[in-house]
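Structural features, examined
Read off the chains here:
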Amino acid sequence: DMQSEDAFLHCMRKHWLFFSLYLIDISLTVFFATELCLRITAVGPQYFLYLTSWCYILSLAATFVSLNPRTRNTYFHPHARWATGHSWTNLCYELVIPLRLLRLFCLDEYFNSLPVLKAVFFTLWSRLLRSGYAMGVVWLWHATLLHLLNRGDLTDGVSPVT
């Protein structure tokens, strides 16, 4: 869509914050690509045997694909794409954001906290389930009471909710 591409390029030229975030995105992509090359060189072919490695590679590929200023708006704004109909191209556009979010699964390479969290979960799973259930009940009660007490006066016949 040419109009959305022109709007994106206009924002890039006029808004310094938007442009600086775009430059940060480019810089981080170059940094992570360099890190990936060094990691593959250091580890060798065994690097491709791990799920987190593939998450890292797919995330980096999706980030690299979405750097093009002409198509960036198409990747990040689904309403502009689905108006043209459903197709395989639109499905590929839809996968860019979830693939970029795969980077969250790669945080273990930097923080090494997932084994600790897994050990805590498996040790205390029954307590976590009970506290999750209690939190859900309290949340439901709170939402119900908030709805009932904030309804206001309905003497005029008009509901404040609608």
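Residues numbered from 1 in each chain as written. Predicted model: local features only at pLDDT ≥ 70, side-chain atom pairs only at ≥ 80, totals over all residues. Heavy atoms only, no water.

A few words on the nonpolar core. If you look at soluble globular proteins, the nonpolar side chains tend to sit buried side by side. Listed in full, the 9 residues of the largest apolar core are Phe32, Leu36, Tyr47, Cys55, Tyr56, Ile57, Leu60, Leu102 and Cys106. Among the elements of the structure, α2 (16-43) and α3 (51-65) are those that each provide at least two residues to this core. If you tally residues by element for this core, the top one is α3, at 4 residues. Leucine 60 has contacts with Thr29, Phe32, Ala33, Leu36 and Arg103, leaving out every residue within four places of it along the chain. (Core = buried A, V, L, I, M, F, W, Y, C linked by side-chain atoms within 4.5 Å. Buried < 20%, exposed > 50% of the residue type's maximum accessible area, 1.4 Å probe, protein only. Helix = DSSP H or I, 4+ residues; strand = E, 2+ residues; numbered from the N terminus. Contact = heavy atoms within 4.5 Å.)

Attention shifts here to a nonpolar patch on the surface. A cluster of nonpolar side chains, namely Val116, Val120, Phe121, Phe122, Leu124, Trp125, Leu128 and Leu129, defines an oily patch on the protein surface of about 780 Å² accessible area. Among the elements of the structure, α8 (114-123) and α9 (125-149) are those that each provide at least two residues to the nonpolar patch. Here the nonpolar patch gets 4 residues from one element, more than from any other, and that element is α8. Looking at where phenylalanine 122 falls in the secondary structure, it is placed in helix α8. Overall, the relative accessible area of 54% leaves phenylalanine 122 in the exposed class. (Patch = residues over 30% accessible without salt bridge, like charges linked within 9 Å, V, L, I, M, F, W, Y side chains within 5 Å. Areas by Shrake-Rupley, 256 points an atom, 1.4 Å probe, with all protein chains shown as cover. Salt bridge = Lys/Arg side-chain N within 4 Å of Asp/Glu carboxyl O.)

The next point concerns the layout of surface pockets. Each pocket or cavity is described by its volume, and for the largest pocket that value is around 210 Å³. Lining the largest pocket we find 13 residues, and of these Asp25, Ser59, Thr63, Arg100 and Arg103 sit closest to its centre. Among the secondary structure elements, those contributing two or more residues to the lining of the largest pocket are α2, α3 and α6 (88-101). With 4 residues, α2 is the largest single contributor of residues to the lining of the largest pocket. Broken down by class, the residue content of the lining of the largest pocket amounts to 7 nonpolar, 3 polar and 3 charged. (1 Å grid on protein atoms, 1.4 Å probe; cavity = no way out; pocket = protein on both sides within 12 Å on 5 of 7 lines; lining within 4 Å. Points joined across faces, edges and corners; volume = space filled by probe spheres on them. Nonpolar A, V, L, I, M, F, W, Y, C, P; charged D, E, K, R; others polar.)

For the protein, the mean per-residue pLDDT works out to 78, and 73% of the residues sit at or above 70. When pLDDT is averaged over each element of the protein, α9 comes out on top at 90 and helix α5 (residues 78-82) at the bottom at 56. (pLDDT = per-residue confidence, 0-100.)

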